[in-house]
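Now for the letters of each chain:
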Amino acid sequence: MHISEGVLSGQVLVAGGVLAAAGTAIGLKKMDYERVAEVGILASAFFVASLINVRIGVSSAHLILNGILGLLLGWAAFPAIFVALILQAVLFQFGGITVLGVNTVIMALPSVICYYLFSNIIFKSNSLAITAAFLGGFLSVLFSGLLLGVALIFTEESFFEMVLLIVGANFPVMVIEGIVTAFCVMFLRKVRPEMLPGYVK
Amino acid sequence: MINEPFASGNSIVHRLDPRFRTFFAVLLSIEVALLKDFSAMGFALLVAFFLAASARLNIREVMKRLSSIFGFLLLLWIVIPLTYEGTPAWQAGWLTWTREGIHLSAQISLKSTAILMIFMALVATMTLSTLGRALKRLSMPGKLVHLLLMTYRYIFVIGQEYQRLYTAMRIRGFRPSTSLHSYKTYAYLFGMLFVRASKRAERVNQAMILRGFNGRFYSLDDFQPSYKNWIFAGTMMMIFTGILLMENGLLWPMKPF
């Protein structure tokens, strides 16, 4: 989910840039050189996963997966998403230089919020964990949509209808992100629980 | 799945110092993103065309990449003129297209096309490892550059891993559909990708430590100083100032239509 070049006002672009820089700085601080390989390779896995189209009824959509990214990486989601966005810009020309900051915040801030909300519920009972993971996937996309809406409305109040349209159109994606995140978290709990936060041997 | 059609080439632009190219791409993009004057935007688009031509970009690839934003722009042209408040330009039944809405759609279309083409001409014309080094020299934190290069390197490996897993799924009769089973299968596919990525990361990290990695990539070829870079910098500064003057109505002022 991202905003294209040439849409947003200067103030919004600057605000996005500053927030993204702050988040990335915190993420980098929390990630020592030992973890760069891990974060980098996971970031590339997310990059690849977000290229995959999933069928929804007659159409298809690609998933964002920022909920599970947040659960796996915490604050390091900021630098990971920032880097993935640079790669998308360079390789496919999706997004671009001036909106890099805003787009990083739109996707990474919900990741971090989901990390704080749900990371200590994942190893509770099955039904709790499934609910938490579903909400993590659902809410991260919803929050991204809302942040995107905020960026558009702060640029131009008349974008309101457009924002409603975008958030509404993404509702099926939110549900599917929730389902996929729930299954994915349960899978990781069985296969490689040490990847998830709050794991004790 | 991923290719870099512009990265290799032998045009004038390809031979310029990547640091200069990255710097001016950022500078011009920010300037264009903030424009409000149509003559300035038109000129910026012309500059973008000129840069793309001097980088000798493959026109078909350029169109392919532009078409990804054209879909978005088309949606914009359908929605904004109808929903934006302002003086009506046309009316058909209960539908009203506003003058301000059309204005805004035109602005966004011009600006996004110009920025995209500047980016393709100046930044997409270098390989990612070169971009990484250029960003490092332009004082991006070393850890972030390291992360960028690491991610780039493993996109291809993970991409192949995905292809292998997907082939295995298809051989076992998987067909994507709108069903819980289908989403569950995708979730396990993603989960497996993350598991493999994480295991690989462990091995890579150990191998790097073993080889004495200290957080720095060394590069043998250095950026060559050349007077051409300074000519490029001068031209870009002139273009930057020209656009700025037009934006403020000091050069070729144009009345908004």
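Residues numbered from 1 in each chain as written. Chains lettered and ligands numbered in written order. Predicted model: local features only at pLDDT ≥ 70, side-chain atom pairs only at ≥ 80, totals over all residues. Heavy atoms only, no water.

Q: Help me out: how do you make sense of the domain arrangement of chain B in this one?
A: How large an interface is tends to be reported as the accessible area lost when its parts come together. Residue and element names in this part refer to chain B. The domain boundaries assigned to chain B delineate domain 1 (12–126 + 225–247) and domain 2 (134–210). For domain 1 versus domain 2, the distance between C-alpha centres works out to 33 Å. Domain 1 puts four residues into the contact, and the matching count from domain 2 is four residues. Summing both partners gives a buried area of about 340 Å² for domain 1 against domain 2, and 81% of it is carried by carbon and sulfur. The interface formed by domain 1 and domain 2 includes zero salt bridges. (Domains from an automatic or database assignment. Contact = heavy atoms within 4.5 Å. Buried area = accessible area lost by both parts, 1.4 Å probe. Salt bridge = Lys/Arg side-chain N within 4 Å of Asp/Glu carboxyl O.)

Q: Could you clarify how one ought to interpret the interface of chain B and chain A in this entry?
A: Chain B puts 73 residues into the contact, and the matching count from chain A is 70 residues. Interface area for chain B against chain A, summed over the two sides, is near 6,300 Å², with a carbon-plus-sulfur share of 79%. Linking chain B to chain A there are one salt bridge. Among the ionic pairs, Glu202 of chain B bridges to Arg192 of chain A, the shortest N-O distance being 3.2 Å. On the surface where chain B and chain A come into contact, there are eight residue pairs in polar contact (both at pLDDT 80 or more). Listing elements by their share of the side of chain B that touches chain A, those giving two or more residues are helix H2 (18–33), helix H4 (59–83), helix H5 (99–122), helix H6 (128–137), helix H7 (142–171) and helix H8 (180–210) of chain B. Per-element tally for the side of chain B that touches chain A: the top contributor is H8 of chain B, with 21 residues. Its residues assigned to classes, the side of chain B that touches chain A shows 49 nonpolar, 15 polar and nine charged. (Polar contact = N/O pair within 3.5 Å; in protein donor to acceptor, adjacent residues only side chain to side chain. Helix = DSSP H or I, 4+ residues; strand = E, 2+ residues; numbered from the N terminus. Nonpolar A, V, L, I, M, F, W, Y, C, P; charged D, E, K, R; others polar.)

Q: Help me understand a nonpolar patch on the surface in this model?
A: All names here are of chain B. Together, Ile59, Met63 and Phe70 line one region of the surface with nonpolar side chains, adding up to about 310 Å² of accessible area. Within the secondary structure, Ile59 is located in helix H4. Exposure remark for Ile59: the relative accessible area of 65% places this residue in the exposed category. (Patch = residues over 30% accessible without salt bridge, like charges linked within 9 Å, V, L, I, M, F, W, Y side chains within 5 Å. Areas by Shrake-Rupley, 256 points an atom, 1.4 Å probe, with all protein chains shown as cover. Buried < 20%, exposed > 50% of the residue type's maximum accessible area, 1.4 Å probe, protein only.)

Q: Would you explain the nonpolar core in this entry?
A: In a soluble, globular protein the nonpolar side chains are often hidden away together inside. Counting 162 residues, the largest nonpolar core has Phe190 and Phe194 of chain B as the members making the most contacts within it. Inspection of this core shows a minimum of three residues originating in each of domain 1 (12–126 + 225–247) and domain 2 (134–210) of chain B. Among all residues touching Phe190 of chain B, those that are not within four sequence positions of it are Ala49, Ile52, Leu63, Leu65, Val180 and Cys184 of chain A. (Core = buried A, V, L, I, M, F, W, Y, C linked by side-chain atoms within 4.5 Å.)

Q: Honestly, empty space enclosed by the protein in this entry has me stumped. Any pointers?
A: If a probe the size of a water molecule is rolled over the atoms, the empty space left behind becomes visible. Applying the stated criterion to the full structure yields two cavities of 30 Å³ or more. Counted as a void, the largest cavity has a volume near 60 Å³. As for the largest cavity, its lining consists of Val90, Leu91 and Gln93 of chain A together with Asn3, Glu4, Pro5, Phe6, Ala7, Arg65, Ala124 and Met126 of chain B. Split by residue class, the lining of the largest cavity holds seven nonpolar, two polar and two charged. A per-class count over the lining of the second largest cavity returns four nonpolar, three polar and no charged. (1 Å grid on protein atoms, 1.4 Å probe; cavity = no way out; pocket = protein on both sides within 12 Å on 5 of 7 lines; lining within 4 Å. Points joined across faces, edges and corners; volume = space filled by probe spheres on them.)

Q: Looking at this structure, I do not really get the packing of helix H2 (residues 33–49) of chain A against H8 of chain B. What am I missing?
A: Between two packed helices, both the angle of their axes relative to each other and the distance between the axes serve to describe the pair. With their axes 8 Å apart at the nearest point, H2 of chain A and H8 of chain B run at an angle of 150° to one another. In terms of axis orientation, H2 of chain A runs roughly antiparallel to H8 of chain B. In the packing of H2 of chain A onto H8 of chain B, the handedness of the crossing is right-handed. Contacts between H2 of chain A and H8 of chain B involve Glu34, Ala37, Glu38, Ile41, Leu42, Ala45, Phe46, Val48 and Ala49 of chain A on the former and, on the latter, Phe190, Leu193, Phe194, Ala197, Arg200, Ala201, Val204, Asn205 and Ile209 of chain B. (Axes fitted to C-alpha atoms, helices over the stretch in contact; angles between N-to-C directions. Parallel < 35°, antiparallel > 145°, perpendicular 65-115°, else oblique. Left-handed = near helix turned anticlockwise from the far one by under 90°.)

Q: So what exactly am I meant to see when it comes to the pattern of salt bridges here?
A: Any two side chains of opposite charge can pair if their charged atoms end up close together. All names here are of chain B. Applying the stated rule across the entire model yields nine salt bridges over all chains. Where Arg19 meets Asp17, a salt bridge forms, and the shortest distance between an N and an O atom there is 2.7 Å. By relative accessible area, Arg19 is classed as partly exposed at 24%. Asp17 gets classed as buried once you look at its relative accessible area, which sits at 4%. Note that Arg65 is salt-bridged to Glu61, the shortest N-O span being 3.6 Å. Of the two residues, Arg65 and Glu61 both sit in helix H4, four residues apart, roughly one turn of that helix. Taken individually, Arg65 and Glu61 each receive the classification buried, so the pair is uniform in this respect. Residues joined in a network through salt bridges with shared partners are Glu161, Arg164, Arg196 and Arg200.

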